[in-house]
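Overview (structure and organization)
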Amino acid sequence: MVFTVKTTQKTELIDITGEVQAYVNRITKESGITSGFCLVFVPHTTAAVTINENADPSVRTDILAALNRMVPKDIPYHHLEGNSPAHIRSTLVGVSEMLMIEKGHLVLGRWQGIFFCEFDGPRTRKVHLSLMGIGS
Ligand code: ZN
């Protein structure tokens, strides 16, 4: 399954936990599988996916600010498109997350959410989801 994320900023973290849980709900209902794994994959070279706090939005702001400092814009990159910092941030954060599913629900800590990470927006992006069942 694929869904679209429309980003509106150059860099931003967008909470996609609801979309992923909705997919898990649909597949577990249709298949009868209630435990397994859900792969979240981002097919982009200047975006990523991560799991972090979804309670205090300032955590997202701090993550983006720290990544900006870790990967400066003003060093002499070779990639002529001009978006090397976005490519490097994508590699640092990673383009996939594997989540456990128990009793039809994503296993996440109380304060955890799944975030699509935009590093070269605004763009229309895709997120792929795949569920692997191991039991009912
Ligand atoms: Zn590029």
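Going by the structure above, here's the rest.
Only a predicted model underlies this, so the values are computations on that prediction, with no experimental measurement involved. (Residues numbered from 1 in each chain as written. Predicted model: local features only at pLDDT ≥ 70, side-chain atom pairs only at ≥ 80, totals over all residues. Heavy atoms only, no water.)

Every protein donor of the zinc ion is accounted for by H79 (NE2), E81 (OE), N83 (OD1) and H87 (NE2), and the metal-donor separations fall at 1.9 to 2.2 Å. For the zinc ion, the four donor atoms in the first shell make angles of 92 to 152° at the metal, a pattern classed as irregular. Look at where the donors of the zinc ion fall in the sequence and you get H-x1-E-x1-N-x3-H. (Donors = N, O, S within 2.8 Å, 3.2 Å for Na, K, Ca; no water. Tetrahedral: all angles 85-135°; square planar, octahedral: opposite > 155°, others 65-115°.)

Among the surface-exposed residues, F37, M98, M100, V107, M132 and I134 lie close enough to one another that they form a single nonpolar patch of about 520 Å² accessible area. For the nonpolar patch, the elements supplying multiple residues, two or more each, are β5 (96-102) and β8 (124-135). Assignment of secondary structure puts M98 in strand β5. (Patch = residues over 30% accessible without salt bridge, like charges linked within 9 Å, V, L, I, M, F, W, Y side chains within 5 Å. Areas by Shrake-Rupley, 256 points an atom, 1.4 Å probe, with all protein chains shown as cover. Salt bridge = Lys/Arg side-chain N within 4 Å of Asp/Glu carboxyl O. Helix = DSSP H or I, 4+ residues; strand = E, 2+ residues; numbered from the N terminus.)

Moving on, we get to the pairing of β5. As paired elements, strand β3 (residues 35-41) and β5 share six bridges and run antiparallel to each other. Of the residues in β5, the one forming a bridge with F41 is S96. Pairing analysis gives two bridges linking β5 to strand β6 (residues 105-106), with the strands arranged antiparallel. Paired with E102 across the bridge in β6 is H105. Hairpin connection between β5 and β6: a loop of two residues separates the two successive antiparallel strands, and K103 in this loop has a positive phi of roughly 50°. (Pairing = 2+ DSSP bridges.)

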